[in-house]
Amino acid sequence: MTEPLDDTLLLQRRGAIAELVLNRPHKRNAFTQAMWAALPGLLAGIAKDCRVLVVRGAGDAFASGADISEFEEVYATPERGEAYSRQIAAALDALAAFPHPTLAMVRGACVGGGCGLALACDLRFADESARFAITPAKMGLIYPFNDTKRLVDTVGAPMARDMLYSARTLDAAEALACGLANRVTAPASLERLVNEYVDQLLDMSPHSAEFTKQMIARVLAGQDTDDDSTKALFAGAFTHADFNEGYRAFLDKRKPDFTQANPAPGTGTTNQ
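One structure accompanies this document, and this report is about it. Numbering of residues starts from 1 in each chain and follows the order in which that chain's sequence is written. With the structure being a predicted model, the display of local features is reserved for residues of pLDDT at least 70 and the display and counting of side-chain atom pairs for 80 or more, all residues being used for whole-chain, interface and lining totals. Hydrogens and water molecules were not included; the side-chain quantities draw on all heavy atoms of the structure.

## Description of the overall build of the protein chain
Rule in force here: Working definition: helices are DSSP H or I runs of at least four residues, strands are E runs of at least two. Numbering for both runs from the N terminus. We compute the radius of gyration over the C-alpha atoms and compare it with the globule rule, which gives 2.2 Å times the number of residues raised to the power 0.38. The classification of residues rests on relative accessible area computed with a 1.4 Å probe and restricted to protein chains. Under 20% of the type maximum is buried, over 50% is exposed, and intermediate values are partly exposed. A contact between two residues is defined here by any heavy atoms of the two lying within 4.5 Å. Surface accessibility in these figures is a Shrake-Rupley result with a 1.4 Å probe; residues are shielded only by whichever protein chains are displayed. His is not counted, nor are the chain ends; Lys and Arg add positive charge and Asp and Glu add negative charge. Lys charges are placed at NZ, Arg charges at CZ, Asp charges at CG and Glu charges at CD.
Looking only at helices and strands, one finds 11 helices and 10 strands in the protein chain. Its C-alpha radius of gyration of 19 Å places the protein chain within 12% of the 19 Å reference for a compact globule of 272 residues. For the protein chain, the spread of C-alpha atoms along the three principal axes comes to 60 × 45 × 40 Å. Counting only residues that meet the buried cut, the protein chain has 41% of its 272 residues in that class. The long-range fraction of contacts in the protein chain, counting pairs at least 24 apart against all pairs at least 6 apart in sequence, stands at 65%. Accessible area for the protein chain stands at about 14,100 Å²; split by element, carbon and sulfur atoms hold 56% of it. Taking the average location of the 27 positive side-chain charges in the protein chain and that of its 34 negative ones, the two points are 3 Å from each other.

So, in structure tokens, the structure goes:
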């Protein structure tokens, strides 16, 4: 099922999988102000009834960043520029905070704000055409703090310095070597690779994925010792229905069926 949100963003659904398609192929999927503004609400609207989110671009590019043709208008005054920057930050932060696993499927250009969008996803699977770059240095700008942190968390400080100081482009092989890409494959195999991986995630416990994501976020935010809240997250899993199903499946020597505790979207109570 495909739900048109407007002519630049498409939301496609396959059961518990949501796919967000950036739909401006003639502009290499450059993000407009309206797209940045729409993203947090879109994500909030699907958070309760999907288990995995895939983000991809239409055509032969992931996203070439913010639409520069809008810059004269959005940066017409300092106040408007600050408001625009807040919209972008809110969109990327909302994607980073999405409660379920997120995966960027990257072909071609993944540049500037497009690379920021990919970094806000948990995982990045790319084909050999992918090219990654973060380019504020070319325009005398500075990468925002939250985006810089996500870059450093992903590739480490030395590579982040290299990318930000030089604004150079990384090919898919170098992106894989530094951790910017998690998987790289031939162009013809990318969609199959993503679909197989996402289907594998659906076989796992959604409760485990959601709370593991919270644990990792705490580590990345600087927490370095267990506390009462993380102990509670760990202990709570043993009383959750997913553990009961997983444990019974182990004893029965069968594959667990976590849909028993987590009904598929469209069954039971709706979340609209």
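Now that the structure is up, let's keep going.
## Points about the sheet that holds strand 9 (residues 170-171)
Counted only if it meets this: Between any two strands, pairing holds if DSSP finds at least two bridges.
Within the open sheet, the 3 strands sit side by side as 6-8-9. Their pairing is mixed. What marks the edges here is a single partner per strand, and that holds for strand 6 (109-111) and strand 9. Sheet topology places strand 6 next to strand 8 (residues 131-133); 3 bridges connect them, and they run parallel. By the bridge assignment, valine 111 is partnered in strand 8 with alanine 133.

## A closer look at the side chain of aspartate 67
What counts here: What qualifies as a polar contact is a pair of N or O atoms within 3.5 Å, subject to a donor-acceptor requirement within protein and to the restriction that residues adjacent in sequence count only when both atoms come from side chains.
Positionally, aspartate 67 belongs in the loop between strand 4 (52-57) and helix 2 (71-74). A relative accessible area of 7% means that aspartate 67 is categorised as buried. At 2.6 Å, the side chain of aspartate 67 and the side chain of serine 69 are in polar contact. Residues contacting aspartate 67, with those up to four places away along its chain left out, are Arg24, Ala30, Phe31 and Thr32.

## Let's talk about the nonpolar core
For clarity, the threshold we go by: In this text, buried Ala, Val, Leu, Ile, Met, Phe, Trp, Tyr and Cys residues form a nonpolar core when linked through side-chain atoms within 4.5 Å.
Judged by nonpolar contacts, the single largest core of 52 residues is most densely connected at Leu53, Val55, Phe62, Leu117, Phe132 and Leu180. With 6 residues, the top contributor of residues to this core is helix 1 (residues 33-46). Once residues lying within four places of it in the same chain are set aside, the contact partners of valine 55 are Leu20, Leu22, Phe62, Leu95, Leu103, Ala104, Met105, Leu117 and Cys121. Val52, Leu123, Phe125 and Val194 belong to the second-largest nonpolar core, a separate cluster that totals 11 residues.

## A few points about the side chain of threonine 32
Of note, threonine 32 is situated in the loop between strand 3 (17-22) and helix 1. The residues touching threonine 32, leaving out its near neighbours within four places in the chain, are Arg24, Asp67 and Glu70.

## With respect to the layout of surface pockets
To be explicit about the condition: Only protein atoms enter the 1 Å grid, on which a cavity is a set of points fitting a 1.4 Å probe that cannot get out and a pocket is an open set with protein on both sides within 12 Å along at least 5 of 7 lines, lining residues being those with an atom within 4 Å of a point. Grid points are joined across faces, edges and corners, and a volume is the space filled by probe spheres set on the points.
The computed volume of the largest pocket comes to approximately 1,000 Å³. Lining the largest pocket are 41 residues, with Ala96, Asp122, Lys213, Ile216 and Ala217 sitting closest to its centre. Among the elements of the structure, strand 7 (123-127), helix 5 (145-155), helix 8 (190-203) and helix 9 (206-220) are those that each provide at least two residues to the lining of the largest pocket. A total of 10 residues in the lining of the largest pocket trace back to one element, the largest contributor, which is helix 9. Contributing to the lining of the second largest pocket are 27 residues, with Ala66, Phe71, Tyr75, Gly113 and Leu141 lying nearest its centre. Elements that contribute at least two residues to the lining of the second largest pocket include exactly helix 3 (78-96) and helix 4 (113-119). In terms of residues, the lining of the second largest pocket owes the most to one element, helix 3, which gives 6 residues.

## Focus on helix 11 (residues 241-252)
Heads up, the rule is: Here the expected length of a helix is defined as 1.5 Å per residue gap, with one fewer gap than residues. Note: the arc covers the axis-to-C-beta directions of the helix.
For helix 11, which comprises 12 residues, the first-to-last C-alpha distance of 16 Å matches the rise-based estimate of 16 Å (1.5 Å per residue) to within 8%. Along helix 11, the residues classified as buried are Asp242, Glu245 and Ala249. Down the axis of helix 11, the sector holding all buried residues measures 65°, keeping them to one side. Where helix 11 is buried, its residues meet helix 9. Lysine 253 sits one or two residues past helix 11 and shows a positive phi near 55°.

## A closer look at the packing of helix 9 against helix 10 (residues 228-236)
Let me state the cut-off plainly: Axes here refer to lines fitted to C-alpha atoms; in helices the fit is confined to the stretch in contact. Angles between the N-to-C directions go from 0 to 180 degrees. Small angles under 35 degrees read as roughly parallel and large ones over 145 as roughly antiparallel, with 65 to 115 read as roughly perpendicular and the rest as oblique. In this scheme the handedness of a crossing depends on how the near helix is turned from the far one: anticlockwise by less than a right angle means left-handed, clockwise means right-handed.
Packing of helix 9 against helix 10 brings their axes to within 11 Å, and their N-to-C directions diverge by 155°. If you check the angle between helix 9 and helix 10, you find them roughly antiparallel. Here helix 9 and helix 10 pass one another in a crossing that is left-handed. Residues Phe211, Gln214, Met215 and Arg218 of helix 9 pack against Ser229, Thr230, Leu233 and Phe234 of helix 10.

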